[in-house]
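An overview of the molecular structure
So the chains spell out like this:
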Amino acid sequence: PLGRSIRGGRTRVAGDDAMATTYEETVSVLEEAGFPLYEISNFARAGCRSRHNLKYWSDAPYAGFGLGAHGYVLGERRSNRRDLDGYLADVTASVSPVDWREPYDRERRIEEALFLGLRVLEGVDLERLGARYDDDLEARYAIAWERAAAAGLIVWEGSRVRLTAGGRVRSNELFAELIGDP
């Protein structure tokens, strides 16, 4: 509904500068209140980060049990049935209740692991992630890293790359370069 309202001109979206200012003010207010930013759009007190979401952002496997649950196991994403009757019928018949599967796609997994990992405050260890996918991600995306560093969007700490405060506001510029052909 919101998308249709925006496209239909009934709802206006704030400009980039206004959104950036509001974001920066939100980060400041929440951090001052004891909720530090740990991911582009997530804040939590020390020790209270969402372990569930951190699985997505760190490219870690997770199992989904129950009606409508999602999982990511052995590189395959899957989702269980959402209709209770069908789900129960499958389980009763000892049939997997998986309704949808997304097979392993190495290129897509690398891209997602990069941009989702960069959303987290600590960023991504390219050496470690590259070893997981048998790829030199620093070299593969060298042009994107150079542009982002020159624009002040990222900083390097050894093999780890992370977004700067300004980089979080403009992260889509880098993410667009990481998705698709490097």
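Shown above is the structure to which this text applies.
A short tour of the structure in this document, coming up. (Residues numbered from 1 in each chain as written. Predicted model: local features only at pLDDT ≥ 70, side-chain atom pairs only at ≥ 80, totals over all residues. Heavy atoms only, no water.)

Across the sheet, three strands lie side by side as β3-β4-β5; this open sheet has antiparallel pairing. The strands lining the two open edges of the sheet, one partner per strand, are β3 (70-73) and β5 (98-102). Taken pair by pair, the neighbouring strands of this sheet meet at an average axis angle of 25°, ignoring direction. One ladder, built from four bridges, connects strand β4 (residues 76-80) with β5; its direction is antiparallel. (Pairing = 2+ DSSP bridges. Helix = DSSP H or I, 4+ residues; strand = E, 2+ residues; numbered from the N terminus. Axes fitted to C-alpha atoms, helices over the stretch in contact; angles between N-to-C directions.)

Next up on the list: the sheet that holds strand β6 (residues 124-125). Taken in spatial order, the three strands make up an open sheet running β6-β8-β7, and their pairing is antiparallel. Strands at the two margins of the open sheet, each flanked by one partner only, are β6 and β7 (154-157). The sheet contact formed by β7 and strand β8 (residues 160-163) spans four bridges and is antiparallel. Pairing of W156 across the sheet is with V161, part of β8.

The computed volume of the largest pocket comes to approximately 350 Å³. What lines the largest pocket is simply D16, D17, M19, A20, Y23, I40, R168, V169, R170, S171, N172 and E173. If one sorts the elements of the lining of the largest pocket by residue count, helix α2 (residues 16-32) sits on top with five residues. Across the lining of the largest pocket, the residue classes tally to five nonpolar, two polar and five charged. Looking at the second largest pocket, its volume works out to about 310 Å³. Looking at the second largest pocket, it is lined by 15 residues, and the ones nearest its centre are S58, G123, V124, D125 and R160. Looking at the lining of the second largest pocket, the elements with two or more residues in it are α3 (51-57), α5 (106-119), β6 and α6 (126-133). The biggest single contributor to the lining of the second largest pocket is α6, with three residues. (1 Å grid on protein atoms, 1.4 Å probe; cavity = no way out; pocket = protein on both sides within 12 Å on 5 of 7 lines; lining within 4 Å. Points joined across faces, edges and corners; volume = space filled by probe spheres on them. Nonpolar A, V, L, I, M, F, W, Y, C, P; charged D, E, K, R; others polar.)

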